[in-house]
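So you can see what is in the structure, the chains are spelled out below.
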Amino acid sequence: MIHTNKWIRKYFIIDGQTDRHNRMASKRGPKVKMLAMPTTNFIALGTTSSTAPSTQLGASSMKTAPKREPTESTGAGSSLPKKSKLQMSHHMTRSSGSVGVRRESGDQWEEVAKEVDPNQLLDKVIDAEDVSDERVEALLCGAVRQLRVMRLKPDSALYLTLCYLAKTRPLLFCTEVVVEAFCSLLKRDSVVGFKQKVANNSVAVLATNILLAVYHDENCWPETFLKVFVDDSLGDRFWVDNEECKGFVDNILASFSTRLPPKSLLQQEVLTTTKATEPSNATSSPIHAILGDETSIDETVGFETSGETKDNLDNISVMSRFAHNETFVVQYVTDIINEGLNRRPTPGSEVPRNLLKLLISTAGIPAVRLIIAQKIESWLISTKTIRISMDLMLTLCLNCNENDTEVVTQLVKMRLKTKPLITHFINCIKEMINQKEETFKLVLRTIFYNEISPSRSLNNIQVISVIFQTSPIKATKVLAEVYQELIYSKDDYLKTMRGLLREIVRALRHEHLNLLTFAQNLIEDCPAFATLDPSDSVIKERAVVTITDLFTMIMFLSLSPAVKEAFSTSKPDRKEIIRNYQMQIANIQRIAIYWLQKTVIKLFRPDRNEYLHCLNKVLFMESAEHYYNRDNWPPENDRNLMFRMTSEVPLLEETLIRVLTMGAAKDNPLSSSEAIELSDALIKRAATITDYDLITTPVLQICDKQIFTLLMTNAIYRHPENITLPQNYDPPKMAISDLYWKAWIQLLILTAHNPSEFGTLAWDSYPTLGVLIEMSITNHFEFPPPTKIGDDLINRELQMSAIEKQQILQFEQYLAAASTKVQINESNSLLLSKLISMDPLGSARKPPSSVLEQFKQFNTLLRLGHLLCQSRNPDFLLEIIQRQQKQSGVHSTSAPMPWLVELVESNDNNFGMLPVQCLCEFLLGQISEEESMPPILTTDSSIKHEKSRRKEKRRKQLKLISHLQTIIASQSTSSKELIEYFMKRLTFQQSTSRTLASKALSLVLTTNIESEDKPIDDKPLMFTDVNVWLNQKLPSNPNFAFIKTSACDALRPAILVETVPSYVCYYIQFLSLYGDIGSIELAIDCSNILIDRQLITNCIIQDKQLRNIFLDSLTKIFLAHLVVKRRPAREAYSWTDAQDHILVQWPNEEAAILHISVVHAMIILLTFGPSDSDQSPYKQLFNTWFCEPMPQAFLVDTSEEALLIPDWLRIKLLKSSSPQLRTIALKDIESSQLILFIQSSGLSISSMECLLGALDSAVDIDSNGVKEAVMDESLILRVVEVQWLRGVKTGHKFADLLGYNNNEKDIITDNKIDKKDAKVVETKIDPKFSGFKSDFKHFLTEDKQNIGKYIMKLSRELTQELFDKKITTKKFTKLFFTEFKSQINACIDLINRGDFNSLFNTIITFAINDSKHLGLKTEIMSTLKILKECTEIKNIAFLNVFNRFTTTSKTIQETKTSKTSKKEKKNHTKSIEELAKILLKDNNSLDVSKGLLLEKFHKLEPELVCCDSPNGHLETQLLFSQNCLYLMSLLIHKTRFETLNSCIKSILSDDQSLCDLNATAVLDFLTACLGSPRLWIGRDLRQPKHMEYEDVLKLNDNQIKKLIKYIIEESNVAKRVLLVVKSCCFNSNQIQLVVNTLKQIEDKASDERLIASELLFRLYLQIPSIEQPIKLFDNYLKINGLESSAIDSMTHNLLTAFTSIDTNPNRQQSGYLNDCELSMLKLASKHPILFLRQLPMIPALLRGKSSVTYDVFRSRNYLLTFKKILNILRLLKPHLWNKHVKGLNELLSLYIQLFVDFHRNPGKELLPLISQFLYLIDDWIKFDSESAKSWIKLNRKSIVDLSIAFPEQMLFKSLLSGLPFQSQSLIEKQISENILIRLRESKGNVERMNQVLNDLDKLSDSKPDVLEYFVDDLRQLYFDAFTREMAFKLTLKLLNFDPNLAKTFVATYCQCLQRNDSYLTNLALDYLPEFVILAQEHRSMILKKAFEIGIMGNNNVINNICDSFALINAQIGV
């Protein structure tokens, strides 16, 4: 029976195409011939064979089966363990018993069973079909009975027959009896089962396959199938787990709808089950069996299912066969399972494994799933069932759906403790959530609610983490939905939600949970909100607060450890991490703002305050406690970091626009002003982020231009709506001033961060914003900015302000009329100071000073100027530079741009952010500044600072040059811009501009910075020649090919402007080498050089080297131009109207259209001859124009033939040294032209010979024509004779024609030829001026467009004639005057336009400078006369040019007349003497005519006084005897400096004749001399702030005393203090002289004593080194409060610094605070009067420190500041109590208020301060009781309260009672004496001495004044090695108490410095800065000693000396 199962399966291969109807009909069909039964050979397909079964198989089987059973059991299953009876389930036992009962009573199928021989069964069945169905049933039941008997080894014929019948006649098996019979085979036989285990399940396999074959196409199976399945499942699983029964079992399992897990998820123990570990398949997993594991082996039978069988089994459809009775299935299975769970063999025993396997199979039933969920936790605990329980849990999770709420709840509540179980549980949950989305939501929601419940599971967070890792998007959405439900619930779950969210994020390690998505889902529509009661406002308000808090929580949680690490490290990817984090925060804020704007207002309608709180909270504008007050999270250690990192994020465009839109909306609680304030804070906060590149990662990326409108809309002023304005009155558009300027500042910040979007709009359309941009860039915060000065913005602002004021007053009047009925004016107007016109597109407005001050502060903080400078589209910086240059002049190089210097120097480490033009301009300015600086010739120590400054400047220059070299070597547009900028400046008209540009190019192109190993020095920069940098260095630049075109285009115009011949030559050479030499533009420019700039050309030609370069370059350019232009003659040429072009045709059929100037220039170039280097180009050009025949020229506009060589050009050819050119010049020339040519000047002898020879030839040809051409024969003959005298040999025939021989005598007599006549002849008008008349008329009347160019050309020609001294008669100039007068009417418009101004100015200037006026006086005067007669001339400047000539002529004539004779001079002196005497007489009758006399005196003596003249004293008395302002002003402004000096010496001398001078006149004169504008000529108007006065008067000692005498005499001291300072106090000797002089006067008992004392005090205010006067009158302190002092800035600086730095400073600030304190102590003790000037400022500085809470006051240690200020006040006594001292009452009241505010706080920190304060008040009472008691009365209530609060402080009671305080001096003296005795007794005992000093140190902490008793002892202790440190410490403490005692320690301190004890010396040096500042009177000596130690000794004193100087500098604010 080896292959029994195999054949059973093979026989039941179901044919899917068999017709069921045919098989149904076969039951009662006719008898057919049946195939023979298979023989035994057919059956034995396996490895063994057997004989044919006997006919008695059935009986023998029944008899032998029991006997063989033990043997079979022993043989086949001996290795299997014996199964106990108890292992059989209760159900199986009952079923077996039932079967036994039925057998005893005769079961139906057993009763009808009829056994036959298995070999005859087939025939019997076939035969019985025709008889009756009962017969068939009996036979089949009999077969079943036989199978039961031979269960261990069934007969092959029997089961094969049954298989055959089931396949061919399945309906025979469908009866109830047959089904019951076959199902009985599936039940365990109780008899056999009790004895031993049956190892062969072939019968069961046969039964299942027969039933499957019979019912495979039936949808409704009998219930018995289910029952036998459950029965076997709970039993030994005899056939349920058999692979051969899989088809039958699968169809039964399908009714449970159970989804079984894949094998990969099963436990390893189940998958690896083998026969060695488990008997048969009893303990194998049902999942294993159902899934068809290929590893399952039927160990009893020992064969494998064939592949064919398996394939056919797969074709059986598996479906639910019990769908018709699902209720029965559920109820039956549930009852069986409950019964199995409730009835166990023993209480507490383990649940049967087979029952668990059944649960796995039936987990598709909801009731079963619930049972499993309730019990699974206990099963997992058992070690015996843990594996299968884990599979059961997996199956349970796979079958759960959205309706299994209770199941999921039970699963979530499980408390699993072991890690494997937890891991498996998590995997099961993962499988569960992957089934359906609804299941996913159910599971996650259940876990969330469990987590927030009191009985939460410990596995929740871990499960949540896995779920989020699996499906982060869905999980995030579910989490948001759960949070929404909690938010809208009746209870407040905010704290719980915060904790849960933190736990989730922590478990996920900031991954898988997209917080941005969570925030977005949190504000979406929620069903829970829809169910709310609309009237339930409490829940809504709480919901808004909760969501807001969650938003902030989300933002805090976004700060992951990776982000924190990125903030604290410098990893490469840190910027990307930070950027992503900040953008996430910004987007969360964007979502929150959207929710607040769109949803909250519409649905929640919160309270306004609550709404604003939420808005500020999500934007992190609230205080810190609002963020952690719920659960004290974030923790205190991380709060500051988290707040900073979450608030410093970029501002998104949508967020900003929504905030401003909310402010502009009427229905939003956010007002416009609040929106402006909020946007201002947001924008500035975002702008402060500087951790990364703002270009690649912007923090304020705004693109919508709507932001301009929104900001201005929010700044608009809206009047109350309930006020009705008059009809037809339109209120002005006004804005609230504060909001208006904040809006501009915000727009400025946005523009700085987004210049490409807003730059052009802001610069062009918003003038106010443009002004702010310029201020930001230039760092010049004044209105208007420098480039806007010419726009008259100040006057426009005044006009607009006036109009604005009127509009506001009228508007407010209407508002008041509708409300309060008050008459409005400027005094009571409320809106006048708060409103401003709303016209953002209008003219620029002036910002208020407060706005400018704020703007100045945050401009540096936010780096706005830096960002604006980086903009290139638009380029603001370049625009400002160009505008300022235009403001100063078209090409000005001296435009003051100090802001540019500051800008470039501040960016010396990042030149790349500035435009190239800015750097170039800066370099030009540096070169100009350096050239103007004087050289340093001395090596004095005072020059070292200047040298270091220049070295630093040189370093920056070299760095800039290096940067420019980098730019010019790069292929970028910047390189082109750089070269264009410099080279375009070479075309400027100013030579200084061109020179600077050339030098700059020289530095950039030739400076070799990399090779400079030498240290930087301050020597002048070295510049190279133009030829070096232009033709050598520039072409060698590696980037030259890229910048070549730009360089050539920029350089080409320079050849027409440059005046240096060599530069012009090198420019042309460069253009010929690298320019577009074929272009028409270059050719025309070169032609202009040759034609119009003859002077430059001649200078170049005279230099041999330059001549060759010049000729070669021009020849190359012209030849290249010809190559480009020449074409075949027959090509189509378009005739145009260009009058300056001609068509040239050559004989070789070539032609070219050329500019006429280019043609003439080429011919002129030929006149210079070839160069010495190469003559071939010259020959080529020569042959081009002078070939045979010569080329022809035609006008391109009329096609007429043009004259190729005009007359002026022929003269050029004649002047040439080439005979060929001269011959060509005379070719085809007429006689009249020859006669004109011989009158030209400048012709050589050879040229003149050619001309006269040509005339001789013409005489031979046409003598009459030649003679007719001569107009003036005598003149021509004279010219010919002159030429003969020069050596010319020709012209005789021509002379004979003119009758030379006949008239020789007359000619020689009348016109004697000599050199002078020859010179006259040579001055004939140049032939080129012969057409002047016609040309002048032509341009005036016809060609008016080019009249400007013609006048310039005419000016050059006239200048050339006027400048040439060889031309004595300026005939051409006279000719010009003649023609000008004749054409005066045509010139009127040009005169009024100013076109002739420059020309006549040149002529007049030359005429004035010549003594004979160049012979043009007649022409000039006649022209002036005509101009005056012409009333249409309005050009005053033009007429003034002529008036200047007449004025100068008269002056020269009068000067000559005044010096004609000595006699007149003598009379002149006498007249002056008489007139001076008359003026000196006190005669009232002369008052009327005094003015005329003064005028006459000035005419007689222009300098008013001449000390060397006989009338010197008289004139001095006249000037200074009375205060005549007219004469004084003339004296200052009209006289020479020598005269002024002599006058000063005279009036300050001891000359008795001048003793009665007027003191006021003398002092006014000296004051005027100091401020004379003439002193500033040529000087820098902007003096450095530390520059001292210059000694202008240079007075000696006697003169100083005389000056003091005049001041005392005048008695107006206040007016003359500055005169004394500026003239008498330049060194210590002079100061001491003045002081001694005044003290001498003070000692005299006269009225002058008070005047001298006042002057001395006023000088003390200006020069504190004078020391405070001993005698101080009461009015001096009044003066002290009114006048300025030189020490004010120092005092102000010290006080501000001392009170502004935090009193818990860092190390550096702490040192600075101590330095400030020492300086103030010294200042207060040395100059109390001057320190009192700043007393009113102290309350203002302290008020902010006293208005804080006590915790802040204490934590910041403000108490120390108040103590130190009080100590300074102590040093100001007794001057502090003077009535004229301001600010005292306010300061003392501030202290009282401080005590009142803080007296309730615990601690006694205030007691020492109160005691010190009260003793100060007591001193006030003693000095001025009236004022003190008045103050006490004013503050009496506060003092009473303090006395109650401090009962131990008895001084309050004394103060209130008016009793004097008990003097402490006696007590302190007694204590001090005791300590002093102890100290002196302990000498020699180190330990006791240290103890005494320590006691003294502790006592001095509270009473430092006791140290005064120990001065001598402290000085002695310096030299004791054991006490010196304490001695120095106590000394410094004493000097801090009273700096005036410092002088007593100076000598001892210097001895310490000079001691050989190095330890003592070093200790003394450590205190050097303190001693220097506290003993400033002796600082020179102390520093000198220290310096000597550094030189002579081994001590390092550099740091100590440097610290000392730093302290001194800090004192004066350096």
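Residues numbered from 1 in each chain as written. Predicted model: local features only at pLDDT ≥ 70, side-chain atom pairs only at ≥ 80, totals over all residues. Heavy atoms only, no water.

What follows concerns the overall build of the protein. From N to C terminus, the protein includes 105 helices and 7 strands. Within the protein, buried positions represent 51% of all 2014 residues. On the protein, roughly 97300 Å² of surface is accessible, and the fraction owed to carbon and sulfur atoms is 51%. (Helix = DSSP H or I, 4+ residues; strand = E, 2+ residues; numbered from the N terminus. Buried < 20%, exposed > 50% of the residue type's maximum accessible area, 1.4 Å probe, protein only. Areas by Shrake-Rupley, 256 points an atom, 1.4 Å probe, with all protein chains shown as cover.)

The next thing to look at is helix α86 (residues 1688–1700). Every α-helix carries 3.6 residues per turn, so stepping three or four residues along brings you back to the same face. For α86, which comprises 13 residues, the first-to-last C-alpha distance of 18 Å matches the rise-based estimate of 18 Å (1.5 Å per residue) to within 8%. Of the residues making up α86, those classed as buried are Asp1688, Met1690, Thr1691, Leu1694, Leu1695, Ala1697, Phe1698 and Thr1699. (Expected span 1.5 Å × (residues − 1).)

Once that is clear, we can look at the packing of aromatic side chains. Taken as a whole and assessed by the stated rule, the structure comprises 55 aromatic pairs. Here the aromatic rings of Phe1762 and Tyr1791 are separated by 5.4 Å at their centres, their planes lie at 85 degrees, and the arrangement is edge-to-face. Linking Phe1762 in helix α91 (residues 1758–1771) with Tyr1791 in helix α92 (residues 1784–1798), this pair joins segments that are 29 residues apart in sequence. Accessibility assignment for this pair places Phe1762 and Tyr1791 in one class, buried. Linked through ring pairs, Phe1336, Phe1376, Phe1377, Phe1380, Phe1396, Phe1400, Phe1438 and Phe1442 together constitute an aromatic cluster. Over the ring of Phe440 we find Lys474, and its NZ or CZ is 4.8 Å from the ring centre. One Lys or Arg, Arg639, reaches over the ring of Tyr628 and ends 3.5 Å from the middle of that ring. (Phe/Tyr/Trp six-rings, centres within 6.5 Å; stacked < 30°, edge-to-face > 60°. Lys NZ or Arg CZ within 6 Å of the ring centre and 35° of its normal.)

Time to look at the packing of helix α101 (residues 1943–1954) against helix α104 (residues 1979–1992). Closest axis-to-axis distance for the α101/α104 pair is 10 Å, and the angle between their directions is 5 degrees. Put simply, α101 runs roughly parallel to α104. The segment α101 lies against α104, with Val1946, Tyr1949, Cys1950, Leu1953 and Gln1954 engaging Met1981, Ile1982, Lys1985, Ala1986 and Ile1989. When the residues that make up the contact of α101 with α104 are grouped by side-chain class, the tally is 8 nonpolar, 1 polar and 1 charged. (Axes fitted to C-alpha atoms, helices over the stretch in contact; angles between N-to-C directions. Parallel < 35°, antiparallel > 145°, perpendicular 65-115°, else oblique. Contact = heavy atoms within 4.5 Å. Nonpolar A, V, L, I, M, F, W, Y, C, P; charged D, E, K, R; others polar.)

Overall, the coordinates contain 31 salt bridges when judged by the stated rule. Between Arg445 and Glu485 there is a salt bridge, with the nearest N and O atoms lying 2.5 Å from each other. Here Arg445 is found in helix α24 (residues 437–451), whereas its partner Glu485 is found in helix α26 (residues 472–487), with 40 residues between them in sequence. Judged by relative accessible area, which is 23%, Arg445 ranks as partly exposed. For Glu485, a relative accessible area of 25% gives the class partly exposed. Note that Glu1058 is salt-bridged to Arg994, the shortest N-O span being 3.2 Å. Linking Glu1058 in the loop between α52 (1040–1051) and α53 (1061–1074) with Arg994 in helix α50 (residues 991–1006), this pair joins segments that are 64 residues apart in sequence. Taken together, the shared-partner salt bridges connect Arg498, Arg502, Asp549, Lys617 and Asp631 into one network. (Salt bridge = Lys/Arg side-chain N within 4 Å of Asp/Glu carboxyl O.)

Strand direction decides the pairing type here: strand β4 (residues 1141–1145) and strand β6 (residues 1192–1195), joined by 4 bridges, are antiparallel. Opposite Gln1145, over in β6, you have Gln1192 as the bridge partner. Where β6 and strand β7 (residues 1201–1202) come together, 2 bridges link them in antiparallel fashion. Bridging from a neighbouring strand, Ala1193 pairs with Ala1202 of β7. Where β6 folds back on β7, the antiparallel hairpin that results is connected by 5 residues, among which Ser1199 adopts a positive phi of roughly 70 degrees. (Pairing = 2+ DSSP bridges.)

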